[in-house]
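What the coordinates show
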Amino acid sequence: MFRFAQPEYLWFLLSVPLIIAVYLLYRYGQKRRLERFGDLRVIEGLMPDASPRRVRNKFVLTVIALIWMILALGQPQFGSKLREVTRKGVEIMLAVDVSNSMLAEDFAPNRLERTKNAVNRLIEQLDKDRVGMVVFAGEAYIQLPITSDYISAKSFVSGLNPNMVPVQGTSLARAIELSVRSFSEQSRQSRALILVTDGESHDDDPIAAAQLAKEAGVVIYTVGIGTPQGAPIVIGGEMMKDEEGQIVVSKLDEQLLQQLAVLTGGSYVRASERSVGLDEILRQIGQMEKKEFSSMAFSEYNDQFHYLLALAFVFLLLEFSMLDWKNRFWTRISIFKA
């Protein structure tokens, strides 16, 4: 496994485009100043040993060396030893509605984007719990199996969109059934399902699915994202219309979501402009019985930063050995044309 032990230093990479921009501005200003003395072709003829290309190449080598040094500061490491790690926590399955109705804009910028931001914040607060993810619309799919790898979980969240599920609609029953099957055998009595949706279920029986979840020891927490009065669904900048040409308005179905939560001993939270409600649900999950989970994890890492520093040194050595002007010796052996 590869990681950066000090990833905060990678923010220095943002300085590289700024350095390049300053260099280009400097070269542009230098050219303008030379133009004041006359035609550039005539001036270049008066300085036969000058080599603008060498100056540019020296700058490129310096920038490459800087990039390697910044990456080295991040302290890259490879995992070298696996061991079994035991943690005590709860398994949390996130079932996220990615149907077209989640594009309604009664929450800015839309319901789905607000959900993604809230789920990311929830994952950041996890410590010893395990998390998985199911996405659903007319069908349900496992997006992320139960894991303790929070970094991977966040990367999956960022890619949530309605195109992930080819069958549109909202099937809460399929989402619940798939989520229940996705928990590990170790987690019985320590299973929480967080269902984030607008609650508009089509052509299934989510109550029956919730009853099966209860029998499997799964506590369902529901988050209603949307407003009872509803909002139009905007796709590609245009409002969705039905077969009769009427604008489709997606409304929050709170009653169904409340029933699903109460049936399994969980709770329902309606999202607001200030908070989606996942923080409150996470506090409630924190009071659940904890189970011990065993998993394999890297316990030792080998530093690799010295290789990057060596590369940076090589590029700096090339930059140092390259003169700003032409000469017979470097013209014969240099790999850079003057």
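First, a word on scope: everything that follows refers to the structure included in this document. All figures in this text were calculated on a predicted structure; none of them were measured in a lab. Residue numbers restart at each chain and count upward from 1, following the sequence in its written direction. Totals for whole chains, interfaces and linings use every residue, but because this is a predicted model, local features are given only for residues with pLDDT of at least 70 and side-chain atom pairs only at 80 or more, for both listing and counting. As a rule here, side-chain values cover all heavy atoms of the structure and leave hydrogens and water aside.

**Comments concerning a nonpolar patch on the surface**
- Among the surface-exposed residues, M69, F305, L309 and L316 lie close enough to one another that they form a single nonpolar patch of about 290 Å² accessible area.
- Strands are runs of DSSP state E lasting at least 2 residues, helices are runs of H or I lasting at least 4, and numbering of each runs from the N terminus. Of the residues forming the nonpolar patch, the biggest block, three residues, is contributed by helix α10 (residues 305–321).
- Tracing the chain through its elements places F305 in helix α10.
- Burial classes: relative accessible area under 20% of the type maximum marks a residue as buried, over 50% as exposed, and values in between as partly exposed (1.4 Å probe, protein chains only). We classify F305 as partly exposed; its relative accessible area is 30%. To count toward a patch, a residue needs a relative accessible area over 30% and no salt bridge; like charges are then connected within 9 Å, while nonpolar side chains (Val, Leu, Ile, Met, Phe, Trp, Tyr) are connected within 5 Å. The protein chains shown are the only cover counted for residues, whose accessible areas, like all others here, come from Shrake-Rupley with a 1.4 Å probe. The salt bridge definition used is simple: a Lys or Arg side-chain nitrogen within 4 Å of an Asp or Glu carboxyl oxygen.

**Let's talk about the nonpolar core**
- Of all hydrophobic cores here, the largest spans 38 residues; its most connected members are I194, V223, L278 and I285.
- Of all the elements in the fold, those that place two or more residues in this core are β3 (91–97), α4 (111–125), β4 (130–136), α5 (150–158), β6 (191–197), β7 (218–224) and α9 (278–285).
- A total of five residues in this core trace back to one element, the largest contributor, which is α4.
- Setting aside residues up to four positions removed in sequence, V223 forms contacts with I194, L195, V196, T197, L257, Y268, V269, A271, V276, L278 and I281.
- Ranked by size, the runner-up nonpolar core spans 27 residues in total, among them L172, L193, I220 and A261. Residues belong to a common nonpolar core when they are buried Ala, Val, Leu, Ile, Met, Phe, Trp, Tyr or Cys residues joined through side-chain atoms within 4.5 Å. The contact criterion used throughout is that any non-hydrogen atoms of two residues lie within 4.5 Å.

**Details of the side chain of E319**
- Relative to the helices and strands, E319 resides in helix α10.
- For E319, a relative accessible area of 18% puts it in the buried group.
- If sequence neighbours within four positions are ignored, E319 has contacts with K58, L61 and T62.

**Remarks on the sheet that holds β7**
- A pair of strands counts as paired when DSSP detects no fewer than two bridges linking them. Taken in spatial order, the six strands line up as β5-β4-β3-β6-β7-β12 in an open sheet, and their pairing is mixed. On the outer flanks of this sheet lie β5 (140–147) and β12 (268–270), each paired with one strand and no other. For this sheet the average axis-to-axis angle between neighbouring strands, irrespective of direction, equals 15°.
- Across the face of the sheet, helix α6 (residues 172–182) comes into contact with β3, β4, β5, β6 and β7 while running at roughly 30° to β5. With axes taken as lines fitted to C-alpha atoms, and helix axes fitted only over the stretch in contact, angles between N-to-C directions fall between 0 and 180 degrees.

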